[in-house]
Amino acid sequence: MLHVSEISKSYGPETILSGVSFVVNPGERVALIGPNGCGKTTLMRIIAGQEDPDAGQIRFDPPGLSLGYLPQALEFEAGETVADALARATAEHSQAWADMQRYAAWMADPPPDQTLPALAEAYADAETRFETAGGYVLEARLEAVLDGLGLAEVNRNLPVEHLSGGQKTRLGLAGLLIQAPCLLLLDEPTNHLDIDGLAWLEAWLRNYDGAVLLTSHDRTFLGTAVTRCLVMDPSSQGLRDFPGTYSAFVEVQARERERQWQAYRDQQDEIARLRQAARRLRGQAKMRRGGKGDSGDKFAKGFYSDQSAGSVARAKHIERRLERLLTEERVEKPARQWQLRTAFAADDGGARQVVRLENVAKAFNHQPLFSGVNLTLTHGQRIALLGPNGAGKTTLLRIIAGELAPSAGHVHLGAGVKTGYMAQEQEILDPETTPYDTIRTVAPGMDQTQARTFLHRFLFAGDEVFVKIRHLSFGQRSRLMLAHLGAQGCNLLLLDEPINHLDIPSRESFEEALIQFPGSLLAIVHDRAFIRRVATGIWEMRMGRVTEQML
């Protein structure tokens, strides 16, 4: 179905892709796996025809197969409404239906310049196009997709520009799923889906007849939705093919890495042993030359001379073996991936009750969003705030952070609580400043070297610390916001979807940092692997209420 052959791509001196080749067959659900910056989006754009490779070829079989592409950054026409976007997605279906109606009317009363056989043939062609575009079940498919992605209640006349970033992504995804092309290219489709939406998309993809090539950093989604993994290697700019689920790939990768570490350790032990043996033999030869072998006894001189020569020969043999181990037979040390090394300051204790919500409620334009919230966050708890999109999770987090007033009730913060709030849309970052200036602003006690060293732990290397924030990727901005919180020494973290733009290695290291974090945490997350590993409890928002569950 999809044949990718020897694709290479460079931007200036930097090679992104080198000799990438693979095939995607009908019915396969394939994931492109790799850290941010390894070329996943570039490869997707090349396959979608939105970017040209420097070398190589993309071939589809059959040549005219239908393809749907969901980019990370969606663009809509100015003034376009939700209804307009959906109509664009179903335009072929609507045109085919209109043609069927026209030809049916003409067959009942043929125009003078048309013959009945010609009209019947045109009607049959329109009907074929209609069936290919979804037929009579398209409307039901449309409603099911919108409901599954949480868009069923969105006003169809609402301008798309008034939607949130997550709603725009889901609208673009809905348009593709409604069309059901032969090949789906999905670049980070899970970033703005809640847990219900993720489960729905997983089920939809499992039942999808076409082929899917996707990227995602949601480990649970990858473990459930895909049947094959293409792992991109940032060091070689190539990829490896792992048949099976993401979970199987992780197990294979762990075993391979452990075997490589064992082989490396074994060789290092052998090198140390051979070096010691060679030194011992040369030492023995030197000792014999300076002992009885140098006396006037001819027998002793001959005997120890032979012994010394034998020691030197054995030492040279060992050294030749050592040279081969250090060159042609060398086992490379497994690379330690450059991952986020987040660290937070130690907590000096403080109040046992960190946050207490007393009958908190919020309404907008007299429309209640939630009410009667009575919950307590205690010292050391790590709570995942869950619920469908639009339930009010961000609103509740902003109320606790003091950025929004409740319509009723009170928020009580414990003595000594210092809050750090990470907003979903990264609006606290000034696009015209730099990472270096951002950290120096909240930590003026750091000198230039300390600030750069601190930022390096969040993967800002060299002159990247002086790049304006508006030029940073979403992932880089997320890392900078984490650094911003770490520099402030907060003991209560309020995080609104903090890992959306982090790759899997960075998610895992961030999770480890939060597990070691001595303070308290309330985080809106949809990553189920994150919840299982980090959370000690759940606050779930549904139908205007918040319930608590301890894990």
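Before reading on, note that the structure itself is shown above.
First, a word on scope: everything that follows refers to the structure included in this document. This is a predicted model, so every value here is computed, not measured.

### Some thoughts on the overall build of the chain
If you tally the helices and strands in the chain, you get 16 helices and 18 strands. Summarising its shape, the C-alpha atoms of the chain cover approximately 130 × 75 × 40 Å along the three principal directions. Here the chain holds 551 residues, and the buried ones make up 45% of them. In the chain, of all internal contacts separated by at least 6 residues, the share reaching a separation of at least 24 is 69%. Between the averaged position of the 60 positive side-chain charges in the chain and that of its 68 negative side-chain charges there is a distance of 14 Å.

### Some details on the pairing of strand S8 (residues 228-233)
Counted residue by residue, S8 has 5 buried out of 6 residues, so it is predominantly covered. Here strand S3 (residues 29-33) runs beside S8; their pairing, made up of 4 bridges, is parallel. Paired with Ile33 across the two strands is Val231, which belongs to S8. Pairing analysis gives 6 bridges linking S8 to strand S9 (residues 238-243), with the strands arranged antiparallel.

### Quick word on the sheet that holds strand S2 (residues 14-24)
If you trace the 3 strands from one edge of the open sheet to the other, you get S2-S1-S4, paired in antiparallel fashion. In this open sheet, the two strands that pair with only one neighbour each are S2 and strand S4 (55-60). Along the sheet, successive strands turn relative to each other by an average axial angle of 20 degrees, direction set aside. Here 5 bridges tie strand S1 (residues 2-11) to S4, and the two strands are oriented antiparallel to one another. Following the sheet pairing, Leu2 is matched in S4 by Phe60.

### A word on the packing of helix H12 (residues 435-442) against helix H13 (residues 448-456)
One way to put it is that H12 packs onto H13 with a least axis distance of 10 Å and a crossing angle of 110 degrees. Looking at the two axes, H12 sits roughly perpendicular to H13. Handedness of the H12/H13 crossing: right-handed. Of the residues in H13, those touching H12 at Pro435, Tyr436, Ile439 and Arg440 are Gln448, Ala451, Arg452, Phe454 and Leu455. Looking at the contact of H12 with H13 residue by residue, the class counts come to 6 nonpolar, 1 polar and 2 charged.

The rules behind these values
- Residues numbered from 1 in each chain as written.
- Predicted model: local features only at pLDDT ≥ 70, side-chain atom pairs only at ≥ 80, totals over all residues.
- Heavy atoms only, no water.
- Helix = DSSP H or I, 4+ residues; strand = E, 2+ residues; numbered from the N terminus.
- Buried < 20%, exposed > 50% of the residue type's maximum accessible area, 1.4 Å probe, protein only.
- Contact = heavy atoms within 4.5 Å.
- Lys, Arg positive; Asp, Glu negative; His and termini not counted.
- Charge placed at Lys NZ, Arg CZ, Asp CG, Glu CD.
- Pairing = 2+ DSSP bridges.
- Axes fitted to C-alpha atoms, helices over the stretch in contact; angles between N-to-C directions.
- Parallel < 35°, antiparallel > 145°, perpendicular 65-115°, else oblique.
- Left-handed = near helix turned anticlockwise from the far one by under 90°.
- Nonpolar A, V, L, I, M, F, W, Y, C, P; charged D, E, K, R; others polar.

Everything listed here is a matter of coordinates, which is why it stays silent on function.
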